[in-house]
Amino acid sequence: MPSLKKSTYAVEALGITKNFSDFCVFKNLTLSLESSKIHGLVGVSSCGKSTLLKVLATIYRPDSGQLKLLGQEVNFSNLFQLRFLRSKIGFQFQGLALFDFLNVYDNVRFPLMVKGSDVPPQEVHHRVIAILDAVGLKDYANAPLTALSGGMQRRVAVARAMVASPEICFLDEPTSGLDPVTSARIFELIARWHIETSATVVIASQDVDGLKKICDLVHVMANKTIVFSGSITDAEHTDLPEVKAFFSATLR
Amino acid sequence: MTSDRIRNIPLLELARIIGRTFVGIAEIIGGMTLLQFRVLRAMLTLDIDYDETLRQFYKVGVKSLAVVVFTAILSGAIMVLQGEHYVRSTGATSLVGWAAGTGVLAEIGPLLIGLMFSGRVGANNTAELGSMVVTEQISALRALAIDPVKYLVVPRFLTMIVMLVLLTGLGDLFALMGGALTSHLLLQIDFRLFWQSVLDSHLLSEFYMGLCKGFAFGGAIAITSCYFGLNTKGGARGVGRAVNDSVVTSAIAIFAVNILVVVLWY
């Protein structure tokens with residue numbers, strides 16, 4: 001296994017472009033995500049946040065540009081390197097992507113059973129139960145996914161992304177469809193987990209109020225690129241219209 | 001009407017349609033060959049998920065047993081019914097076992113069981129993998145550093161081959177039982193005479209050929225159904241299209257492989 005030196009930036013995307021057939025999702029996008037920070041990614045619906053997260057997590061291959069993860073330049077043809085880097089990543093999909101042939105417990109346990117996981121077998125059960133307890137689903141451990149509501153399934157997906165303590169955790173709309181109380185609980189969980197693990201967390205969300213409470217930095221996506229990167233305070237005081245729309249929005 | 005329509009298509013457009021069709025076929029064959037190669041590579045390195053393989057064995061075995069037994073009994077009965085006229089006219093009752101055995105063990109049994117298996121297990125497999133693609137479960141596996149071919153395709157490939165060989169053997173037995181029962185009820189041939197006729201015919205070669213066909217059909221169905229499942233595009237309609245393409249291609253593959261086995265056997 002190649003070793004990783006702690007890099008200043010957990011993720012560096014340099015001039016990356018992603019197209020689907022003739023449709024350009026983003027073009028020449030550059031983004032640097034500092035290590036051990038919580039990053040918020042905001043932008044209007046369908047602006048390409050989910051696709052960007054998938055490219056940064058090596059699920060999609062960019063059409064051009066350079067991607068660096070944990071200081072290593074990603075070579076999409078090197079399957080060994082890809083597998084190694086992916087083992088350092090947690091990802092919660094917007095569409096959840098839970099394994100419907102497994103129950104709640106086994107879904108959350110799955111990342112810990114992957115070859116190369118450095119969690120000792122005797123600790124697996126403890127970890128799964130602890131994270132299920134944190135998302136309020138300990139009593140549903142043996143339930144099939146079909147017995148859970150959409151919001152509960154979302155919490156399972158968040159738990160699955162975090163359970164293996166990845167170095168980078170990508171969360172795509174972790175609180176979408178959840179009530180304000182549960183949303184606040186999820187954001188608290190993310191903040192607490194971040195303090196415990198010092199992982200780099202990237203959250204794509206429309207819940208600006210929630211992001212404001214826990215994010216160190218925010219990145220605003222518009223016009224097929226990143227138009228702003230900075231602290232919450234900077235975002236609230238900038239004159240950029242795409243950023244103001246999110247951070248200084250007032251009802252007219 | 002149709003010929004008019006064909007005549008009205010500009011030559012260039014016709015060439016484009018033909019070209020596109022050939023490229024599409026080449027893409028499918030190439031994709032399936034590549035998938036087969038990746039499966040064999042994983043098997044050679046023994047990089048197999050044994051839990052998933054066991055789960056597949058249970059699922060495939062339980063799902064197919066009833067349908068295979070039913071198909072086998074009917075195929076044995078059909079072989080006897082086909083020969084009934086000749087047996088009645090010639091009085092060659094001692095040849096019924098031979099006729100039913102030869103047809104069932106070498107050809108009809110494996111072929112019908114293979115087709116039923118494809119319709120039942122192959123179609124289900126494509127639908128399952130296709131649903132996993134459209135709900136991003138395959139992407140989730142990749143994100144967890146798991147190769148979907150190793151985790152999902154290799155266990156299915158192994159299971160389908162082993163199960164189809166076993167089911168072909170079991171199906172042979174039930175087909176002969178179906179033949180014996182039909183000849184007894186329709187032609188009043190004694191059970192003992194029927195089985196004696198089967199045993200005297202020395203049909204071991206046909207039996208082995210049937211098992212070989214089961215092996216080859218299992219591999220063909222597994223690769224075809226997994227290929228179309230993993231290449232599903234679009235939502236629910238895409239899954240439906242993938243299942244349809246998988247069943248049709250599997251049937252073509254079964255007939256092609258059948259010819260290949262017969263040619264190589266003799």
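Residues numbered from 1 in each chain as written. Chains lettered and ligands numbered in written order. Predicted model: local features only at pLDDT ≥ 70, side-chain atom pairs only at ≥ 80, totals over all residues.

**Student:** Help me get a handle on the overall build of chain B, residues and values and all.
**Tutor:** Along its length, chain B carries nine helices and zero strands. In chain B, the succession of α and β elements from N to C terminus is α-α-α-α-α-α-α-α-α. Principal-axis analysis of the C-alpha atoms places the extent of chain B at approximately 65 × 60 × 35 Å. Burial analysis of chain B (266 residues in total) assigns 42% to the buried set. Residue pairs at least 24 apart in sequence account for 89% of intrachain contacts in chain B once pairs closer than 6 positions are excluded. (Helix = DSSP H or I, 4+ residues; strand = E, 2+ residues; numbered from the N terminus. Buried ≥ 20, exposed ≤ 12 C-beta atoms within 10 Å, placed from the backbone. Contact = placed C-beta atoms within 7 Å.)

**Student:** Give me the overall build of chain A: which residues, what numbers.
**Tutor:** Helices and strands together make up the secondary structure of chain A, namely nine helices and ten strands. Judged by the C-alpha coordinates and their principal axes, chain A covers about 50 × 50 × 35 Å. Residues classed as buried in chain A amount to 42% of the 252 residues present. Across chain A, contacts joining residues at least 24 apart in sequence account for 67% of those joining residues at least 6 apart.

**Student:** Which residues make up the interface of chain A and chain B, and what values go with them?
**Tutor:** Each partner contributes to the interface: chain A provides 15 residues, whereas chain B provides ten residues. Residue assignment for the side of chain A that touches chain B shows that the elements contributing at least two residues are helix H2 (79–86), strand E6 (89–92) and helix H3 (104–113) of chain A. When grouped by side-chain class, the residues that make up the side of chain A that touches chain B number ten nonpolar, three polar and two charged. (Nonpolar A, V, L, I, M, F, W, Y, C, P; charged D, E, K, R; others polar.)

**Student:** Can you lay out the nonpolar core for me, pointing to particular residues and giving the numbers?
**Tutor:** Grouped together as the largest cluster of nonpolar side chains are 134 residues, with contacts concentrated most on Ile131(A), Ala159(A) and Phe170(A). Apart from the residues within four sequence positions on either side, Ile131(A) is in contact with Val108(A), Ala159(A), Met162(A) and Val163(A). (Core = buried A, V, L, I, M, F, W, Y, C linked by C-beta atoms within 7 Å.)

**Student:** Hey, could you go over helix H9 (residues 236–265) of chain B for me, with residue numbers and the actual values?
**Tutor:** Residue and element names in this part refer to chain B. Taking 1.5 Å of rise per residue, the 30 residues of H9 would be expected to cover 44 Å, and the 43 Å separating its terminal C-alpha atoms lies within 8% of that figure. By the burial criterion, the buried members of H9 are Val 239, Ala 242, Val 243, Ser 246, Val 247, Thr 249, Ser 250, Ala 253 and Ile 254. Taken together, the buried residues of H9 touch helix H4 (96–134) and helix H8 (204–230). (Expected span 1.5 Å × (residues − 1).)

**Student:** Go over the pairing of strand E9 (residues 217–222) of chain A with me, naming the residues and quoting the values.
**Tutor:** Residues and elements named next belong to chain A. Pairing geometry for strand E3 (residues 38–42) and E9, over four bridges, is parallel. The residue of E9 that forms the bridge with Val 42 is Val 220. Bridging between E9 and strand E10 (residues 225–230) involves five bridges; their strand directions are antiparallel. Each residue of the ladder has a partner; that of Val 220, found in E10, is Phe 228. (Pairing = 2+ DSSP bridges.)

**Student:** Quick rundown of the pairing of strand E7 (residues 168–172) of chain A? Include the residues and the values.
**Tutor:** All names here are of chain A. Among the five residues in E7, five count as buried, and that is most of the element. Burial along E7 is two-sided: Ile 168, Phe 170 and Asp 172 facing one way and Cys 169 and Leu 171 facing the other are all buried. Here E6 runs beside E7; their pairing, made up of four bridges, is parallel. Directly across from Phe 91, in E7, lies its bridge partner Phe 170. Pairing of E7 with strand E8 (residues 200–204), which is carried by five bridges, proceeds in the parallel orientation. When the bridges of E8 are listed, Asp 172 appears paired with Ala 204. Regarding topology, helix H6 (residues 180–197) serves as the crossover connection from E7 to the parallel E8, and that connection is right-handed. (Right-handed = clockwise from strand over helix to strand, strands pointing away.)

**Student:** Can you lay out the sheet that holds strand E2 (residues 23–34) of chain A for me, pointing to particular residues and giving the numbers?
**Tutor:** Residue and element names in this part refer to chain A. If you trace the four strands from one edge of the open sheet to the other, you get E2-E1-E4-E5, paired in antiparallel fashion. Edge strands, defined here as strands with exactly one partner in the open sheet, are E2 and strand E5 (72–73). Strand direction decides the pairing type here: strand E4 (residues 64–69) and E5, joined by two bridges, are antiparallel. Considered in E5, the bridge of Lys 68 is made with Glu 73. Of the strands in this sheet, strand E1 (9–20) and E2 touch helix H1 (residues 49–56), which is tilted by about 120° from E1. (Axes fitted to C-alpha atoms, helices over the stretch in contact; angles between N-to-C directions.)

**Student:** So what about unusual backbone geometry? Which residues, and what values?
**Tutor:** Residue and element names in this part refer to chain A. In this structure, Ser 46 is a non-glycine residue whose phi angle is positive, near 65°. Given 9 C-beta atoms within a 10 Å radius, Ser 46 is considered exposed. A positive phi angle, close to 50°, is found at Ser 165, a residue other than glycine. In this fold, Ser 165 is placed in the loop between helix H5 (150–162) and E7. The class of Ser 165 is buried, set by 20 C-beta atoms lying within 10 Å.

**Student:** Which residues make up H4(B), and what are the values?
**Tutor:** Along its length, H4(B) reaches its greatest deviation from straightness, about 60°, at Val104(B). One or two residues past the end of H4(B) sits Glu136(B), with phi positive at roughly 65°. (Bend = angle between axes of the 7 residues up to and from the residue.)

**Student:** Break down the sheet that holds E9(A) for me, citing the residues and quoting the values.
**Tutor:** All names here are of chain A. Read from one edge to the other, the open sheet built from six strands follows the order E6-E7-E8-E3-E9-E10, with strand pairing classed as mixed. Here the strands that pair on one side only, and so sit at the sheet edges, are E6 and E10. Here the average twist between neighbouring strands, direction ignored, is 15°. Where H5 meets the sheet, it contacts E6 and E7, and its direction lies at approximately 170° from that of E6.

**Student:** So, the environment of Asp172(B): which residues are in play, and what are the values?
**Tutor:** Residues and elements named next belong to chain B. Locating Asp 172 in the fold gives a position in helix H6 (residues 148–187). What makes Asp 172 buried here is the crowd of 26 C-beta atoms within 10 Å. Once the C-alpha coordinates of Asp 172 and Phe 207 are considered, the two residues, 35 residues apart in sequence, prove to be 8.0 Å apart. If sequence neighbours within four positions are ignored, Asp 172 has contacts with Val 104, Leu 105, Gly 109, Phe 207 and Gly 210.

**Student:** Go over the environment of Pro148(B), please, and point to the residues and values.
**Tutor:** Residues and elements named next belong to chain B. With respect to the element layout, Pro 148 can be found in helix H6. When the C-alpha positions of Pro 148 and Leu 129 are compared, they lie 10.0 Å apart, and in sequence the two are 19 residues distant. In this view, Pro 148 contacts Ile 138, Leu 141, Arg 142 and Leu 230; residues no more than four positions away in its chain are not counted.

**Student:** How would you sum up the packing of H4(B) against H6(B)? Please name residues and give values.
**Tutor:** Residue and element names in this part refer to chain B. Packing of H4 against H6 brings their axes to within 7 Å, and their N-to-C directions diverge by 140°. Comparing the axis directions of H4 and H6 gives the class oblique. In terms of crossing hand, the pair formed by H4 and H6 is right-handed. In terms of residue class, the contact of H4 with H6 is made up of 16 nonpolar, eight polar and two charged. (Parallel < 35°, antiparallel > 145°, perpendicular 65-115°, else oblique. Left-handed = near helix turned anticlockwise from the far one by under 90°.)

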